[in-house]
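# Coordinates in review
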Amino acid sequence: MIKIKTKDYIGYRLKINMGYSARRSEIDIMAEILRIAIKGERKTRIMYKANLNYSNLKRYLNLLMGKGLIIRICSNGVELFKTTKRGCEFLMSYEHLYKYIR
């Protein structure tokens, strides 16, 4: 049996019962970022809420922007990231598929 000493942070998909690692997959991380950015969020808030370091956050944001799942909005010197309609569709599909493996 695997013991976990750290807190179960929001967004972690602990799959111990299924024999998987306790680490999040890239898909889980991308879905978490999209969830956080639904209403629009600053880069720092996404980083803290998704529990990522800055270099990983930049990598995931660039990947999501490249796929059209998230957009960057700049207004009045504030940079926000917001989930697109396509990103919301991805989240719905992700949640739909995830409920079958829980």
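Above this text sits the structure in question.
In this text the structure is predicted, and so the values were computed from the model without any measurement.

Conventions adopted
- Residues numbered from 1 in each chain as written.
- Predicted model: local features only at pLDDT ≥ 70, side-chain atom pairs only at ≥ 80, totals over all residues.
- Heavy atoms only, no water.
- Salt bridge = Lys/Arg side-chain N within 4 Å of Asp/Glu carboxyl O.
- Helix = DSSP H or I, 4+ residues; strand = E, 2+ residues; numbered from the N terminus.
- Buried < 20%, exposed > 50% of the residue type's maximum accessible area, 1.4 Å probe, protein only.
- Pairing = 2+ DSSP bridges.
- Contact = heavy atoms within 4.5 Å.
- Axes fitted to C-alpha atoms, helices over the stretch in contact; angles between N-to-C directions.

## So, the pattern of salt bridges
On inspection of all chains with the given rule, the structure shows six salt bridges. Note that R35 is salt-bridged to E95, the shortest N-O span being 2.6 Å. Pair noted here: R35 is in helix α1 (residues 26-36) and E95 is in helix α4 (residues 85-101), with a separation of 60 residues, a long-range link. Its salt-bridge partner being E41, residue K49 comes within 3.3 Å of it at the nearest N-O pair. The buried category is assigned to E41, whose relative accessible area is 18%. A cluster of three or more residues bridged by salt bridges with shared partners is formed by E32, R35 and E95.

## Observations regarding the sheet that holds strand β1 (residues 41-42)
Strand order across the open sheet formed by three strands is β1-β3-β2, with antiparallel pairing between neighbours. Every interior strand has two partners, whereas the edge strands, β1 and β2 (70-75), have only one. Inspection of the sheet shows β2 paired to strand β3 (residues 78-83) by six bridges, in the antiparallel sense. Paired with C74 across the two strands is E79, which belongs to β3. Against the sheet, helix α3 (residues 54-66) makes contact with β2 and β3, and its axis sits at roughly 105° relative to β2, the strand it touches most.

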